[in-house]
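Analysis of the macromolecular model
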Amino acid sequence: MTSVTVKFLFVITCLIVKMDADLKLSSVCIFNTQCRCFNETGTSELHVDCANGKLVEIPDVPRNVYILNLQHNRIKKIGDNVFQSLTTLFLLDLSFNKINSLKSKSFEGLGELKVLNLNDNPIKYTRFPNGSFIPLVSLIRLCIKSTTKAVRERTHIFSDKTMSDLKTLENLEIDIPVPIGGKNIFGEGYRYLNHLISLNIGTCYYPVSVNEKTFQFMPHLTIISFDIQCSMFISPGGHQSLQSIRQLYVHHLAKDLVYDLLYFKNLTDELKLTPIETLSFENTFSDNFDYYPWNPISLSLNNSSLKNLRMTENRLGESFPPSKLYPPPPSLLELNLSSNKLEKFALDLENIRNLSLQNNYIGRFLSTRSYKMSNKSSKLEFIDLSMNGIENLTFILFKGQPNLKYINLNRNKLQKVTFDVSRLKSLRYLDLSSNNFTTLDEKAMVMFDGLFKNTNFTVNLQKNALLCTCNTLPFLKWISITKVNLLLNDKCYLEDGIGFSFYPINSLIQQVQKGCMSYTTLVIVLSVGLAVMLTVIILALVYKYRWKLRYMFYLAKSKHYGYKASTDDGEYTYDAFISYCDDDRAFVLKDCIANLETEGNAKLCVHQRDFIPGQEITVNITNAIHESRKTFCIITRKFFESYYCMFEFNMARMENIYSRDGRNIIFLVFLEQIQPKEMPLMMLELIEKQSYIEYPNDEEGNIVFWEKIKEAIHS
């Protein structure tokens, strides 16, 4: 596109945008209540908007009108001299009306008109009188294309004689009807349009064949675009009428089940012979195409001057298999593959500077792979990966791209920075807006700070649900000190969902810290309370089951020393273990041994005689109880005062509960009269079960006493 065209389109766009914006402040026109007016600031130029006013004829407007918008009305004709007084009119928009006829002097007086829009009117091309364009000596843009049914009645091409009067014309929008008699669509009259550089073809009812004569009278044509209502193809030799072409915009290619690939190859082969720089295929390829379009383009245009390739709004899901793609033409600088439903893509980028993969389905692919196939460093400066459903990206995604300046990851599903940009010393802008970030982790913050040392680095985090909570406090503090240019929302959100202004950031940090302190205090108090409660519960349980725990401990310890527990199914080493305090030693050694072992033939375990020297007393006690069929406790008041006596009693009680299936193995022998209140509770329970006997201290009673003991041993 030439600089003149660019400037022109820019001016027109600015005028229209400004008109739309300023009309909000406009008022009803005095001369017509169906129109709205406003003046260009600082000038006398009047903008009049009568769009959608249900007008049936051209209204009277002041002489100083600069832009007149009459689109979407019911105007049917333009009479002679209706615009004669509008000598300063710059833009006239009559699109979307019902105009079906013109007069030879319909445009009289419009010597300053630059833009005339007659699109979407039912007027036939034969109803443009010869000479009707003569007054338009300054016209730059003419729009006479239509998508209405009336176009189907157009069997005549537009008169090139009528068109020849527009010697200043630069941009033309026109339909191509079915020509009669094979007449050239763009006849000799176009040779007078020395400034015509841009042609937009709206509707055509047969595919347009571009051959060596199609544009022969338009030698300066640099931009050709075909709307979606028109399909085209280039015949062999067609490059001869495209010798100035720089930009070609195509929607539909001529389609034939047999010749699809041939038509496409002809197009690329012919374009190779032109100075083409921009080639666009929008909504061109579908799933029905039986070939991948990339490789023919790459091969045919390998030695061309192509700089910008756009393939957008197509259905190319599986058309870019990474392992089968040829490298791009060396001249290619910009590649746009947006909105193609691509699921995979990886290419040797060569000299490509700008790559757009916006609005595709490659999020899953990029979680493990890069879009860059070659290991060589690329010259890529701009990459657009927005709208790809990306949840995470591979760490090496941007490896080998040292010239990257702009990365667009807008409108994805990222929650965390999983990719590495630390080596991109030229990176200036990272767009992470409209994702699922709530904060940035420490690695990301350090990486971004490192990038700012090399460039004026900007990160866009707008339209993310950023949180200002205790967990994100490091991120908030980083915001307050980092030199990275951050684009943020007006608010972040507290834990209760309430929005809080990001700025001033220090005030926000103080607010969060205050909440965190109270929260921390609450957590500490609750934690301490919980710890105390758990400690009390544990201690209570330990105290309640203290003897069971000790029993299990000593049982395990006994096994460690090689003890193997006896059971009632086997033989015990001893018939009875005698538990007593030292003050009752004489009774045990003299009376018990004599009556039970010597006379009663029972084998007793007595600690002074039978404990293994050098072994822990607790282990000896546990083993003795395990290896004895019964345990006899010689009870006196001194017994209760002895630690080891009570230890032996409780170990025997645990053995009774957990190792002997609840069978009673403890027998209490009272040498003294002891009141119940002097006894431990556990001992009283045994007494209630009558597992005890009192020593009589008389000769006859002693005989019965020892018989009962012998009986208890063998029971």
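Residues numbered from 1 in each chain as written. Predicted model: local features only at pLDDT ≥ 70, side-chain atom pairs only at ≥ 80, totals over all residues. Heavy atoms only, no water.

**Notes on the overall build of the protein**
Note the threshold: Each helix corresponds to a stretch of at least 4 residues labelled H or I by DSSP, and each strand to a stretch of at least 2 residues labelled E; elements are numbered beginning at the N terminus. Here's how the labels work: a residue is buried when its accessible area is under 20% of the maximum for its type, exposed when over 50%, partly exposed in between, all with a 1.4 Å probe on protein chains only. Any two residues whose heavy atoms approach within 4.5 Å at even a single point are treated as in contact. To measure how exposed things are, a 1.4 Å probe is used in the Shrake-Rupley method; for residues, cover is taken only from the protein chains shown.
Within the protein, the regular secondary structure consists of 16 helices and 32 strands. Of all 715 residues assigned to the protein, the portion counted as buried reaches 51%. A sequence separation of at least 24 residues applies to 66% of the contacts in the protein between residues at least 6 apart. Here the protein has roughly 35,600 Å² of accessible surface; of this, 52% comes from carbon and sulfur atoms.

**Focus: the sheet that holds strand 28 (residues 574-579)**
Quick note on the threshold: Strand pairing is assigned whenever DSSP detects at least two bridges linking the two strands. Every axis in this analysis is a line fitted to C-alpha atoms, fitted for helices over the stretch in contact. Angles between the N-to-C directions lie between 0 and 180 degrees.
Strand order in this open sheet of 5 strands is 29-28-30-31-32, and the pairing throughout is parallel. Both outer strands of the open sheet, strand 29 (604-606) and strand 32 (692-694), are each paired with one neighbouring strand and no more. Neighbour to neighbour, the strand axes of the sheet diverge by 25° on average, direction disregarded. Running over the sheet, helix 15 (residues 681-688) touches strand 30 (628-635), strand 31 (666-670) and strand 32 and is turned about 95° from strand 31.

**Observations concerning the state of the cysteines**
Let me state the cut-off plainly: Count a disulfide wherever a pair of cysteine sulfur atoms falls within 2.5 Å.
Counting across every chain of the model gives 4 disulfides. Disulfide pairing is shown between Cys29 and Cys37; the S-S distance is 1.8 Å. Here Cys29 and Cys37 share a disulfide; its torsion about the S-S bond, 110°, makes the bridge right-handed. Residue classification places Cys37 among the buried positions, given a relative accessible area of 11%. The residue that forms a disulfide with Cys468 is Cys492, at a sulfur-sulfur distance of 2.3 Å. Classification of the bridge connecting Cys468 and Cys492 rests on its S-S torsion, roughly 105°, and on that basis the disulfide is right-handed. Of this pair, Cys468 sits in the loop between strand 24 (458-460) and helix 7 (473-481) while Cys492 sits in strand 26 (residues 491-493), and the two are 24 residues apart along the sequence. Using a relative accessible area of 0% as the deciding quantity, one classes Cys492 as buried. Cys645 forms no disulfide, and the closest cysteine sulfur to it belongs to Cys581, at a distance of 5.3 Å.

**Re the sheet that holds strand 16 (residues 252-253)**
A sheet is described by the order of its strands in space; here 3 strands give the open sequence 12-14-16, paired in parallel fashion. On the outer flanks of this sheet lie strand 12 (208-210) and strand 16, each paired with one strand and no other. For strand 14 (residues 231-234) and strand 16, the ladder comprises 2 bridges, and the chain directions are parallel. Bridging from a neighbouring strand, Ser231 pairs with His252 of strand 16. Across the face of the sheet, helix 3 (residues 260-271) comes into contact with strand 14 and strand 16 while running at roughly 60° to strand 14.

**Examining the confidence of the model for the protein**
As a note on interpretation, predicted positions should not be read in detail where pLDDT is low. Here is the rule: Summary of the metric used: pLDDT quantifies the predictor's per-residue confidence within the range 0 to 100.
Here the protein averages 85 in pLDDT, and 88% of its residues register 70 or above. When mean pLDDT is compared element by element in the protein, strand 22 (residues 406-408) scores highest at 98, while helix 1 (residues 3-22) scores lowest at 46. pLDDT under 50 marks residues 17-25. Its contacts with residues more than four places away, or in other chains, come to 9 contacts. In the model, residues 563-569 has pLDDT below 50 throughout and makes 9 contacts with residues more than four positions away in sequence or in other chains.

**Focus on the packing of aromatic side chains**
What counts here: Any two of the Phe, Tyr and Trp rings considered here, Trp counted by its six-membered ring, make a pair once their centres fall within 6.5 Å; the pair's planes then place it as stacked at under 30 degrees, edge-to-face at over 60, or tilted in between.
Per the stated rule, a full pass over the model turns up 29 aromatic pairs. Judged by centre distance (5.1 Å) and plane angle (20°), the rings of Tyr66 and Phe90 are stacked. Here Tyr66 is found in strand 4 (residues 65-69), whereas its partner Phe90 is found in the loop between strand 5 (77-78) and strand 6 (91-93), with 24 residues between them in sequence. Here a set of aromatic residues connected by ring pairs shows up, and it is made of Phe107, Tyr125, Phe128, Phe133 and Phe158.

**Considerations on helix 14 (residues 643-658)**
Applied cut-off: One less than the number of residues in a helix, times 1.5 Å, gives the span that helix is expected to have. Distance and chemistry together define a polar contact, namely a pair of N or O atoms within 3.5 Å, with one atom able to donate a hydrogen and the other to accept it when in protein, and with adjacent residues in sequence counting only for side-chain atoms on both sides.
With 16 residues, helix 14 ought to run about 22 Å at 1.5 Å a step, and its terminal C-alpha atoms sit 22 Å apart, in line with that. Within helix 14, 12 of the 16 residues are buried, which leaves it mostly tucked inside the rest of the structure. Buried within helix 14 are the following residues: Cys645, Met646, Phe647, Glu648, Phe649, Asn650, Met651, Ala652, Arg653, Met654, Glu655 and Asn656. Of the residues flanking the start of helix 14, the one acting as N-cap is Ser642, its side-chain oxygen 3.2 Å from the backbone nitrogen of Cys645.

**What about the nonpolar core?**
Soluble globular proteins tend to pack their nonpolar side chains together in the buried interior. Put simply, the rule reads: Take the buried residues of types Ala, Val, Leu, Ile, Met, Phe, Trp, Tyr and Cys, join any two whose side-chain atoms come within 4.5 Å, and each joined set is a nonpolar core.
Counting 142 residues, the largest nonpolar core has Met163, Phe281, Tyr371, Leu385, Phe398 and Phe448 as the members making the most contacts within it. Of all hydrophobic cores here, the second largest spans 28 residues; its members include Cys605, Phe611, Phe639 and Cys645.

**Examining empty space enclosed by the protein**
So the rule is basically this: Within this scheme a cavity is a closed region of a 1 Å grid, computed over the protein atoms alone, that accommodates a 1.4 Å probe without allowing it to escape, whereas a pocket is open but has protein on both sides within 12 Å along at least five of seven lines; lining residues each have an atom within 4 Å of a point. Grid points are joined across faces, edges and corners, and a volume is the space filled by probe spheres set on the points. Under this grouping Gly is polar, as are all residues other than the nonpolar Ala, Val, Leu, Ile, Met, Phe, Trp, Tyr, Cys and Pro and the charged Asp, Glu, Lys and Arg.
For the coordinates displayed, the defined rule picks out 4 cavities of 30 Å³ or more. Roughly 50 Å³ of volume is contained in the largest cavity. Ile578, Phe587, Cys592, Leu596, Phe632, Ile634, Val669, Phe705, Trp706 and Ile709 together form the lining of the largest cavity. Within the residue set of the lining of the largest cavity, elements represented by two or more residues are helix 10 (585-598), strand 30 and helix 16 (699-714). Looking at the lining of the largest cavity residue by residue, the classes come out as 10 nonpolar, no polar and no charged.

**Quick word on the packing of helix 14 against helix 15**
The criterion, for reference: Should an angle lie under 35 degrees it is considered roughly parallel, over 145 roughly antiparallel, and from 65 to 115 roughly perpendicular; all remaining angles are considered oblique. Left-handed describes a crossing whose near helix is turned anticlockwise from the far helix by less than a right angle; the clockwise case is right-handed.
Viewed as axis vectors pointing N to C, helix 14 and helix 15 meet at an angle of 55°, and their least axial separation amounts to 11 Å. Here helix 14 lies oblique to helix 15, going by the angle between them. Here helix 14 runs over helix 15; the crossing is left-handed. Within the contact between the two elements, helix 14 uses Phe649, Asn650 and Arg653 and helix 15 uses Met682, Met683 and Leu686. Split by residue class, the contact of helix 14 with helix 15 holds 4 nonpolar, 1 polar and 1 charged.

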